[in-house]
There are 2 protein chains.
Amino acid sequence: MEIKLKSPLDMHLHLREGAMLEAVAPLSAETFSGAVIMPNLVPPVDNLDRLKEYRAAIYSSIGDEAFCPFMTLFLRDYTEEELLEAKEHIIGVKLYPAGITTNSEGGVASLDAAEVVIAKLERLGIPLLVHGETNAFVMDREADFLDVYERWAQKFPKLMIVMEHITTAAAVRLLDRFENLHATVTVQHLLITLDDVAGGMLDPHLFCKPIAKRPEDREALVNAAVNAHPRLSFGSDSAPHPLSKKECCGCAAGVFTAPIGLQLMAEMFEAHGKLDNYQAFVSDNACRNYKITPPEKEVTLVKKPFTIPKAYGDVVPMWAGREIPWSIG
Amino acid sequence: MEIKLKSPLDMHLHLREGAMLEAVAPLSAETFSGAVIMPNLVPPVDNLDRLKEYRAAIYSSIGDEAFCPFMTLFLRDYTEEELLEAKEHIIGVKLYPAGITTNSEGGVASLDAAEVVIAKLERLGIPLLVHGETNAFVMDREADFLDVYERWAQKFPKLMIVMEHITTAAAVRLLDRFENLHATVTVQHLLITLDDVAGGMLDPHLFCKPIAKRPEDREALVNAAVNAHPRLSFGSDSAPHPLSKKECCGCAAGVFTAPIGLQLMAEMFEAHGKLDNYQAFVSDNACRNYKITPPEKEVTLVKKPFTIPKAYGDVVPMWAGREIPWSIG
């Protein structure tokens, strides 16, 4: 058995810089036709010069693979002129509440104050991508942010708002309520719960932000994905950290799935008898909603066991060493 | 400011064997007058010969400190004769559901079947100590076991049942309902929530079973402790693992607090204006409920900053390196 995916897209990806970029960007470019590149570097990608340099570095690291990095700017108080000039170079602007995740220290301190720049995005037709968590109790952080999404969905009806890496049944319910709300979901939040992170031994390689939630949350995410919810797309949030930052006291947040996401999700779509919906989830929805045309690329998945490598260079992937039923053909 | 504690007791302690026992037992003996010693060794302490050898090894490791190891047997299908012979050597029998925590593989596979031996404990007046978790979702495991406690509290009204290391508000509410239900609570469950384990960076040194729960759970535990709930005692569940088993992929469950528990909890009792209740929580309740007379020992806590060591030998304690306001005088 095999499946052919046309131009699969990863709508939420961390590529880092320097040696790590060189190591991981080719792994995404191998099986994806494009990816939305997160701007939370140090310093953040918050001006057009930095963005162009970063994009050039990405292109340089992937060689001649057909792969489009859809760039994002880190949200700050941009002028309308800055946004207008940036518009043709970006797929959206990413909002981080200050201090809420990796390299988000320079993020938004006041969500209310951010509405000034958000209104500009709406006027200019630039999507707003959001890391939607508060600093509440770890299991409540996303649910606690949903009020903000709801307020903005109503206040900015023409703005495309993307709830990035949703993890809860409550977020899926909210997604259903507003046509201008969109969402991405990761491999790991479709496959694991907090049980896998901390139910047996503690597994640092499955630790990420937002943290994996309850079984009923995972079930709601899977249902939305396998039924090809029209405003939900795959976004891996694949986030490489060197081994030394994961297996230690004070493990960094992030799961690395870029080279194995497509294989892992094939099993899920198959198990639900929904392989026909896989194309929409990993490409068609995104092309339609973000109005993008990625490079043409066909990826064949075959039902042939594949053992996830123990590491890609210095980066340990999710489920390292595990045998899974689907491989890249 | 200082507080004098008479014969403080740790009603739930892991001492291990061999070199680890030699390393950690003196640390408990220094500030505690006695401790309830857990039997989940490999192989488990499930016969009198093994128990006597283990007790001798504990005495040998603590030198001439006044410290009483209150021994427990690992629950299996004991005969009445075995229990009768063991009775004068033990403070209770510890039930582990099979496979639920460290070294519990030989535990009880059927809780219903275990009622035969539990009935014998009731007839002989031997307390039943329980690791009360099911294999439900990690945040629900204790709450899911409470029905079992309730059933046994009613079915065995003369049996002293100790809900070990409780972590939830629901367990506190159940404790209030049955006179034959008792409980222990650890330092860490009084001081942390899941936020501290996985809310910022992942902290393997705060990972234990049961896992730390929600803020409202911690609040209920603190209220019960500082108000000296008459059937609640301190039990550290201090569980040393070598560094190599904690800061790695697949971190073992257990927090090491034996040498710092008394200092840490002084701050909590002080913050609630309840220092007068500290004696009941760390000794008097246990002496009365378990009918024990530990060796006389007076421990003085002084309000003088103390920096928690980065490690005790190869074992990293909770909050290593942090400065806390109380020290042993």
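Residues numbered from 1 in each chain as written. Chains lettered and ligands numbered in written order. Predicted model: local features only at pLDDT ≥ 70, side-chain atom pairs only at ≥ 80, totals over all residues. Heavy atoms only, no water.

Chemist: Honestly, the overall build of chain A in this entry has me stumped. Any pointers?
Modeler: When you go through chain A residue by residue, the secondary structure sums to twelve helices and 13 strands. Here the C-alpha atoms of chain A give a radius of gyration of 18 Å, agreeing with the 20 Å that 2.2 N^0.38 yields for 329 residues. With the principal axes as the frame, chain A shows a C-alpha extent of 50 × 45 × 45 Å. Each of the 329 residues in chain A was classed as buried or not, and the buried ones make up 64%. By sequence separation, contacts in chain A at least 24 residues apart represent 70% of the contacts at least 6 residues apart. A total of about 12200 Å² of accessible surface is found on chain A, and carbon and sulfur atoms cover 50% of it. On chain A, the mean spot of the 32 positive side-chain charges and the mean spot of the 45 negative ones are 2 Å from each other. (Helix = DSSP H or I, 4+ residues; strand = E, 2+ residues; numbered from the N terminus. Rg over C-alpha atoms; globule rule 2.2 N^0.38 Å. Buried < 20%, exposed > 50% of the residue type's maximum accessible area, 1.4 Å probe, protein only. Contact = heavy atoms within 4.5 Å. Areas by Shrake-Rupley, 256 points an atom, 1.4 Å probe, with all protein chains shown as cover. Lys, Arg positive; Asp, Glu negative; His and termini not counted. Charge placed at Lys NZ, Arg CZ, Asp CG, Glu CD.)

Chemist: Sorry, what's going on with the nonpolar core here?
Modeler: Across soluble globular proteins, you tend to see nonpolar side chains buried next to one another. Formed by 216 residues in total, the largest nonpolar core has its most connected members in Tyr 278 and Phe 281 of chain A together with Tyr 278 and Phe 281 of chain B. If we ignore the near neighbours within four places in the chain, the residues touching Phe 281 of chain B are Val 185, Leu 190, Ala 225, Leu 232, Ser 233, Phe 234, Met 265 and Phe 269 of chain B. (Core = buried A, V, L, I, M, F, W, Y, C linked by side-chain atoms within 4.5 Å.)

Chemist: Sorry if this is basic, but what is going on with the UniProt feature "active site" (unreviewed entry) in chain A here?
Modeler: Residues and elements named next belong to chain A. Within the UniProt annotation, "active site" (unreviewed entry) is assigned to Asp 237. Tracing the backbone through its elements, the reader meets Asp 237 in the loop between β9 (232–234) and α10 (243–246). Among the residues examined, Asp 237 registers a relative accessible area of 7% and is labelled buried. Beyond its immediate chain neighbours, meaning those up to four positions away, Asp 237 contacts Asp 10, His 12, His 14, His 165, Thr 186, Lys 209 and Val 255. A polar contact is formed between the side chain of Asp 237 and the side chain of His 14, at a distance of 2.8 Å. (UniProt positions renumbered as here; feature names shortened; annotations may be inferred. Polar contact = N/O pair within 3.5 Å; in protein donor to acceptor, adjacent residues only side chain to side chain.)

Chemist: Whenever I open this one, the packing of helix α1 (residues 18–31) of chain B against helix α2 (residues 48–62) of chain B confuses me. Can you help?
Modeler: All names here are of chain B. As a packed pair, α1 and α2 sit with axes 8 Å apart at the nearest point and diverge in direction by 70°. The angle between α1 and α2 places the two elements in the roughly perpendicular class. Our pair here, α1 against α2, has a crossing hand that is right-handed. Taking contact as the criterion, the partners of Leu 21, Glu 22, Ala 25, Pro 26 and Ala 29 in α1 are, on α2, Tyr 54, Ala 57, Ile 58, Ser 61 and Ile 62. (Axes fitted to C-alpha atoms, helices over the stretch in contact; angles between N-to-C directions. Parallel < 35°, antiparallel > 145°, perpendicular 65-115°, else oblique. Left-handed = near helix turned anticlockwise from the far one by under 90°.)

Chemist: When you look at the UniProt feature "domain: Amidohydrolase-related" (unreviewed entry) in chain A in this model, what are you seeing that I'm missing?
Modeler: Here the UniProt feature "domain: Amidohydrolase-related" (unreviewed entry) sits at residues 79–241 of chain A. Annotated as residues 79–241 of chain A, this span is 39% helix and 12% strand, and its ends, taken at the C-alpha atoms, are 34 Å apart.

Chemist: I'm lost on the interface of chain B and chain A in this one. Help?
Modeler: How big an interface is tends to be stated in terms of the accessible area lost upon association of its parts. Residue-level contacts link 29 residues of chain B with 29 residues of chain A. Regarding the contact of chain B and chain A, the summed buried area is about 2400 Å², with carbon and sulfur atoms giving 64% of it. Among the residues chain B hides against chain A, the three largest losses belong to Phe 137, Leu 202 and Cys 249 of chain B. Together they make up 28% of the total. Linking chain B with chain A are four salt bridges, by the criterion used here. The partner of Asp 140 of chain B in a salt bridge is Arg 214 of chain A, with the nearest N and O atoms 2.5 Å apart. The greatest single-element share of the side of chain B that touches chain A, amounting to three residues, is contributed by helix α8 (residues 194–198) of chain B. (Buried area = accessible area lost by both parts, 1.4 Å probe. Salt bridge = Lys/Arg side-chain N within 4 Å of Asp/Glu carboxyl O.)

Chemist: What is the right way to look at the sheet that holds strand β1 (residues 2–6) of chain B in this model?
Modeler: Strands in a sheet are paired, the pairing made by backbone hydrogen bonds, and the direction either parallel or antiparallel. Residue and element names in this part refer to chain B. An order of β1-β10-β13 is seen for the three strands of this open sheet, with the pairing classed as antiparallel. The sheet terminates laterally at β1 and β13 (327–328), the two strands that pair on one side only. Where β1 and strand β10 (residues 298–302) come together, five bridges link them in antiparallel fashion. Bridging from a neighbouring strand, Lys 4 pairs with Thr 300 of β10. Each of β1, β10 and β13 touches helix α11 (residues 261–271); the most contacted strand, β10, lies at about 55° to it. (Pairing = 2+ DSSP bridges.)

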